[in-house]
Amino acid sequence: MRYPGAWPLDSGLLDGDRLRPLDRLVYDDRVPVLAVGSNACPGQLRHKMAEFGIISPIPMVRARVTGIEVGVSAHVSRMGYVSASPFHAPGRVRELFVIWLDAEQLAVIDASEGVPAPNGNYGRPWLPASDVRIELADGSTLPGAFAYVNHHGVLHNGTDAPRTHPGQRPLLTELLLGSARLRELFGVTAEEFSARARADAGLCAAGTRLFRDEKLVTASGLERHLRVRRS
């Protein structure tokens, strides 16, 4: 229910259990990844890295981002929640985090998002500055960044436009109220939804299909940046 977790108030170097001051905002020897969900939560990043015994620090840089909004992924996660995914929103401005990952860290985050899997939920395309402006605290801008974009699309707001992610409990409550078939699968409360979905791959897949069947899904506008997946 706390997804996506607590984000830092400002930039910092995630070093174990501490968020230390940064010595710079750009790390040319690392890969910039725009975080729109739990990858901007230090606790979640630490958890993902700890599973693989990785203890190297991660720079987390707060940025003013134009052209991206935080939407709702059109799939049910086996972690028991419906996660975030970016959608193209020209002119929209958000405060987001760029996490700068080395090769080892990037492989861990890729795996957690299903990027290497033929049927994984996310791809990791490069979003160029022509589509997404990323301005750092010193006024400089990045030429672009990678982001995790959902292959399933995102949920819409009742029209063709993507909806924004309001947080887990209000999102699940609204989705359950709007769909009798979803209640049959996942129960009538957000807590029931999470408990039933957690680690039940078949049920999560059924929920993902239901989003599509009930025509709750729309394009993120970022699909053109995704590579074609293997069948």
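Structure: see above.
The structure contained in this document is the topic of the report that follows. Please read all numbers here as calculations on a predicted model, not as lab measurements. (Residues numbered from 1 in each chain as written. Predicted model: local features only at pLDDT ≥ 70, side-chain atom pairs only at ≥ 80, totals over all residues. Heavy atoms only, no water.)

### Comments concerning the overall build of the protein chain
- The secondary structure content of the protein chain amounts to 6 helices and 12 strands.
- Its C-alpha radius of gyration of 17 Å places the protein chain within 12% of the 17 Å reference for a compact globule of 231 residues.
- Projected onto its principal axes, the C-alpha positions of the protein chain cover 50 × 35 × 35 Å.
- Scored against the burial criterion, the 231 residues of the protein chain give a buried share of 48%.
- At a minimum sequence separation of 6, the contacts of the protein chain that also span at least 24 residues come to 73%.
- Per element, the accessible surface of the protein chain, about 11,200 Å² overall, is 52% carbon and sulfur.
- Between the centroid of the 27 positive side chains of the protein chain and the centroid of its 25 negative side chains there is a distance of 3 Å. (Helix = DSSP H or I, 4+ residues; strand = E, 2+ residues; numbered from the N terminus. Rg over C-alpha atoms; globule rule 2.2 N^0.38 Å. Buried < 20%, exposed > 50% of the residue type's maximum accessible area, 1.4 Å probe, protein only. Contact = heavy atoms within 4.5 Å. Areas by Shrake-Rupley, 256 points an atom, 1.4 Å probe, with all protein chains shown as cover. Lys, Arg positive; Asp, Glu negative; His and termini not counted. Charge placed at Lys NZ, Arg CZ, Asp CG, Glu CD.)

### So, the nonpolar core
- Grouped together as the largest cluster of nonpolar side chains are 25 residues, with contacts concentrated most on Leu-34, Val-65, Ile-68, Leu-96, Val-98, Ile-134 and Leu-136.
- Of all the elements in the fold, those that place two or more residues in this core are β4 (58-72), β5 (84-101) and β9 (144-147).
- By residue number, the principal contributor to this core is β4, which donates 5 residues.
- Once you skip the residues sitting within four places of it in the chain, Ile-134 turns out to touch Ala-63, Arg-64, Val-65, Val-98, Ser-140, Thr-141, Leu-142, Gly-144 and Ala-145.
- Counting residues in hydrophobic clusters, the runner-up holds 19 residues, among them Val-72, Leu-155, Leu-176 and Leu-203. (Core = buried A, V, L, I, M, F, W, Y, C linked by side-chain atoms within 4.5 Å.)

### Regarding the pattern of salt bridges
- Taken as a whole, this structure holds 15 salt bridges when the rule is applied.
- A salt bridge links Arg-94 to Glu-69, with the nearest nitrogen and oxygen atoms 2.6 Å apart. Placement of Arg-94 in strand β5 and of Glu-69 in strand β4 is noted, with a sequence separation of 25 residues between them.
- One salt bridge in this structure joins Glu-174 and Arg-163, with 3.3 Å as the shortest N-O distance. Linking Glu-174 in helix α3 (residues 168-178) with Arg-163 in the loop between β11 (154-155) and α3, this pair joins segments that are 11 residues apart in sequence.
- The class for Glu-174 is partly exposed, based on a relative accessible area of 45%. (Salt bridge = Lys/Arg side-chain N within 4 Å of Asp/Glu carboxyl O.)

### Points about the side chain of Glu-69
- Judged by relative accessible area, Glu-69 falls into the buried class, the value being 7%.
- A distance of 3.0 Å separates a polar atom in the side chain of Glu-69 from a polar atom in the side chain of Arg-92. (Polar contact = N/O pair within 3.5 Å; in protein donor to acceptor, adjacent residues only side chain to side chain.)

### Side note on the pairing of strand β1 (residues 12-15)
- Inspection of the sheet shows β1 paired to β4 by 3 bridges, in the antiparallel sense. Residue pairing in the sheet places Leu-14 in a bridge with Ile-58 of β4.
- Relative to strand β2 (residues 18-20), β1 runs antiparallel, the two sharing 3 bridges. The partner of Asp-15 across the bridge, within β2, is Arg-18.
- Between β1 and β2, which pair antiparallel and follow one another directly, the connecting turn spans 2 residues, one of which, Gly-16, has a positive phi of 65°. (Pairing = 2+ DSSP bridges.)

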